[in-house]
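Inside the fold
Here is what each chain is made of, one letter per residue.
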Amino acid sequence: MNNTDIVRQSLKRRYRKERRFRAYGMIAVATGFLFLGFLLTDIVTKALPAFSLTELRLDIPMDRESLGLAEDAEISEDTLRALPYSQIIKKSLRSLFPDIRKRKQKKLLYKLISSGAEFDLRDRLVAHPEWIDGPPQSLWLTADDDVDTWYKLDTQVSRIKPLQAELIQALETQDRIRTAFNTHFFTRSDSREPEMAGIRGALAGSFWTLLVTFVITLPIGVAAALYLEEFAPQNRLTDFIEVNINNLAAVPSIVFGLLGLAIFINFFGMPRSAPLVGGLVLTLMTLPTIIISARAAIKSIPPSIKEAAYGLGASKMQVVFHHVLPLSMPGILTGSIIGMAQALGETAPLLMIGMVAFIVEIPEGVLDSATVLPVQIYLWSDSPERAFSALTAATILVLLGFLATMNALAIFLRKHFERRW
Amino acid sequence: MNAQPQALDPAQETVGTPFIDDPKISTRHVDVWYGDKQAIFDASLDVGNNEVVALIGPSGCGKSTWLRCLNRMNDTIDICRVEGELKLDGEDIYDRAMDPVLLRARVGMVFQKPNPFPKSIYDNVAYGPRLHGLARNRADMDEIVETSLRRAGLWDEVKDRLDAPGTGLSGGQQQRLCIARTIAVGPEVILMDEPASALDPIATAIIEELIDELRENYSIVIVTHSMQQAARVSQRTAYFHMGRIIEVGDTKQIFTNPRHQLTENYITGKFG
Ligand SMILES: Nc1ncnc2c1ncn2[C@@H]1O[C@H](COP(=O)(O)OP(=O)(O)OP(=O)(O)O)[C@@H](O)[C@H]1O
Ligand SMILES: [Mg+2]
């Protein structure tokens, strides 16, 4: 047996090993995708119902008497806001079913419409004051979430009484019930009524929180990274700092929450539940990530570029601000976006500083009480109504959408600005 | 191959003619350390006006280190320490009063690997003049850019695409761009560390021709591994060996009639 034969034999074995290894790898990847697929299918199927709402068409009379408006009252926003909309809606419901007389039955009838529908009606009337004194308007108003669930998904749900089922069928024959796109989900804040609840408030909260985080982290992170890479002497102290930045990146986020609670709220007396505090806490959390990625970006700049600038008589500051910083900016931004994406998905530290409250108002600044998307998910996932679980899934979908967009942007930046020297 | 480095006599003087009258740059007893490791031992060498001095010697013998002392590029290396007397036009290069930024404007440098900035060709050349405020207006700057590119022999090739990135040029063009960038600042001395080592013979020939032309206005110190190149472009040649300058002399004499055994060994290819 000569050498060639020996090699040939071992080759066979080596190739077999390679094939096996590749198979393992493929299995691993496939498993990952399978789980991801399950997760996404589950979320999407659960979320879909949240994007439509059942509505009932009611004829609202527009004469002053029916609206409870005095003959001589002038029509202004204030007067329109103060009308007894709940009564108006009930009356209109009764007029659809004149046979229903008993108090109990009436109650069931009223329950078909969402208790938030009066606000919808009010907003529409305020927007259309010219309707007053005109002919009755036929308006689509949001149905109660039980009706919604029953009509859209599942007629077995027990919360709809037989009488109500009959009424709904009657409405259907009159073309007075439909499902439409759920605009509330995107335009309204949290609510006790699932059909009136939306993520606008949480979105705004996330926006303000991340804005604070970004505005504070980017300059501090970049300055720290530049100092450590370009200016700091290489000694024990910088080594110590480096190790601790890496340690900081590994600290569980809830610890930052407790720290934020102790420092920003208890010591500095900043408001609870405010995006300002949330942003500061997330800053503590994202800073190490951004410093680390910024340092990597700065390090990757070839020394020859810096030498060229020094050789022409550039000072250290000029080298840093003419060359190092601009060239490392794409990398720094990529790192920041990934850090921001992490911050966007962070829940635990924000629970600690009270951003978990039930907040109906849409926050308009960094000092207003607010909640954020992941906390909204946490809040709704706890609610018993079936419609809330759809909202939870839909919010998860929105959050995942944002995360995916941010990561895609980071990848795009990296690919687009990647340089080869 | 008798590559065994011979033990050098510490008191050994440089053989030949390291000193000249009216030098542009003069160095005496220069020692350089990287941390605890000494890289240059007691080096003394003058560079005259309008002359090209070639530095040759085996790898790691300290040519780049000595070259980088002349414009204090070693300052950017934390652990590097330079001692001895280095003078440019009689002014102490390492004196406190000497501003390294000004020094580097007077003593320009071209590196081994072409290293244009990832900017346009125009901005590459204009960068130095902008740093030092050498142009009063756009027309001035245009003029500086054009003359620099012309002198580097690159103008005709790039005049139609001054906005194209400098990194998109060929290796030889990039190196000429770097030379143009260096002369745009109007230095008195140009240091070149193996400027043609990454180039093909044609590009090398262009650069060598260029060096010969530049000599009219500048003093040039060039490190090279090609003895033919040293012979072609330089007037004087210094042979470095393990951190010491062994022999300095007229280029012709060094290559035809070296006086030191080590120089002869190197030139005849016995080691290096
Ligand atoms: N930044 C540095 N840190 C530590 N030691 C260095 C550094 N730069 C150079 N040296 C050492 O100094 C000595 C001289 O190096 P230098 O680069 O000057 O040699 P050279 O003659 O230019 O070699 P080559 O022809 O390979 O470029 C070498 O032993 C090298 O290891
Ligand atoms: Mg070298």
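Residues numbered from 1 in each chain as written. Chains lettered and ligands numbered in written order. Predicted model: local features only at pLDDT ≥ 70, side-chain atom pairs only at ≥ 80, totals over all residues. Heavy atoms only, no water.

**Here we look at the site of ligand 1**
Residues and elements named next belong to chain B.
- In the neighbourhood of ligand 1, 14 residues make up the surrounding shell, with S59, K63, S64, T65 and H225 lying closest.
- A distance of 2.5 Å is found between an oxygen atom of ligand 1 and a side-chain nitrogen or oxygen belonging to S59.
- Take G62: an N or O atom from its main chain is 3.0 Å from an oxygen atom of ligand 1.
- Across the complex, the protein chains shield 66% of the 630 Å² of accessible surface that ligand 1 would expose by itself.
- Examining the composition of the shell around ligand 1, we find that three residues originate from one element, helix α1 (residues 63-69), more than from any other.
- Class assignment of the residues belonging to the shell around ligand 1 gives a composition of five nonpolar, six polar and three charged. (Near = heavy atom within 4 Å. Polar contact = N/O pair within 3.5 Å; in protein donor to acceptor, adjacent residues only side chain to side chain. Areas by Shrake-Rupley, 256 points an atom, 1.4 Å probe, with all protein chains shown as cover. Helix = DSSP H or I, 4+ residues; strand = E, 2+ residues; numbered from the N terminus. Nonpolar A, V, L, I, M, F, W, Y, C, P; charged D, E, K, R; others polar.)

**A look at the state of the cysteines**
All names here are of chain B.
- Under the criterion given, the structure shown has zero disulfides over all chains.
- Counting only cysteine sulfurs, C69 is the nearest neighbor of C61, a cysteine outside any disulfide, at a range of 13 Å.
- The thiol sulfur of C69 is not disulfide-bonded, and the nearest other cysteine sulfur, from C80, lies at 6.1 Å.
- Judged by relative accessible area, which is 0%, C69 ranks as buried. (Disulfide = S-S within 2.5 Å. Buried < 20%, exposed > 50% of the residue type's maximum accessible area, 1.4 Å probe, protein only.)

**Observations concerning the layout of surface pockets**
- Approximately 590 Å³ is the volume attributed to the largest pocket.
- Lining the largest pocket we find 23 residues, and of these E229, E230 and K306 of chain A together with T76 and D78 of chain B sit closest to its centre.
- The residue makeup of the lining of the largest pocket, split by class, is nine nonpolar, three polar and eleven charged. (1 Å grid on protein atoms, 1.4 Å probe; cavity = no way out; pocket = protein on both sides within 12 Å on 5 of 7 lines; lining within 4 Å. Points joined across faces, edges and corners; volume = space filled by probe spheres on them.)

**Some remarks on helix α8 (residues 162-173) of chain A**
Residues and elements named next belong to chain A.
- Taking 1.5 Å of rise per residue, twelve residues should cover 16 Å, and α8 covers 17 Å from first to last C-alpha, within 8% of that figure.
- Along α8, the residues that are buried comprise L163, Q164, A165, L167, I168 and L171.
- The secondary structure elements touched by the buried residues of α8 are β1 (52-60), α4 (85-96), α5 (103-110), α7 (145-152) and β3 (177-181).
- Downstream of α8 by one or two residues, D175 has phi in the positive range, about 60°. (Expected span 1.5 Å × (residues − 1). Contact = heavy atoms within 4.5 Å.)

**Notes on the interface of chain B and chain A**
- Facing 21 residues of chain B, the contacting portion of chain A comprises 17 residues.
- When chain B packs against chain A, close to 1,600 Å² is buried across both sides, 63% of that on carbon and sulfur atoms.
- Three residues, P118, Y127 and L131 of chain B, lead the burial of chain B against chain A; their summed loss comes to 29% of the area buried on that side.
- Where chain B packs against chain A, one counts one salt bridge.
- A salt bridge links E307 of chain A to R68 of chain B, with the nearest nitrogen and oxygen atoms 2.7 Å apart.
- One can count five residue pairs in polar contact (both at pLDDT 80 or more) joining chain B with chain A.
- Only α2 (100-106), β7 (107-110), α3 (121-132) and α6 (171-184) of chain B provide two or more residues apiece to the side of chain B that touches chain A.
- Taken together, the residues of the side of chain B that touches chain A sort by class into eleven nonpolar, six polar and four charged. (Buried area = accessible area lost by both parts, 1.4 Å probe. Salt bridge = Lys/Arg side-chain N within 4 Å of Asp/Glu carboxyl O.)

**Considerations on the domain arrangement of chain A**
- Each assigned domain of chain A is listed with its residue range as follows: domain 1 (52-182) and domain 2 (200-417).
- A straight line from the C-alpha centre of domain 1 of chain A to that of domain 2 of chain A covers 46 Å. (Domains from an automatic or database assignment.)

**A few points about the side chain of T204 of chain B**
Residue and element names in this part refer to chain B.
- With respect to the secondary-structure elements, T204 resides in helix α7 (residues 201-214).
- The buried category is assigned to T204, whose relative accessible area is 13%.
- Among the polar contacts made by the side chain of T204, one reaches the main-chain carbonyl oxygen of D200 at a distance of 2.7 Å.
- Those residues in contact with T204 that sit more than four places away from it in its chain are A196, L199 and Q229.

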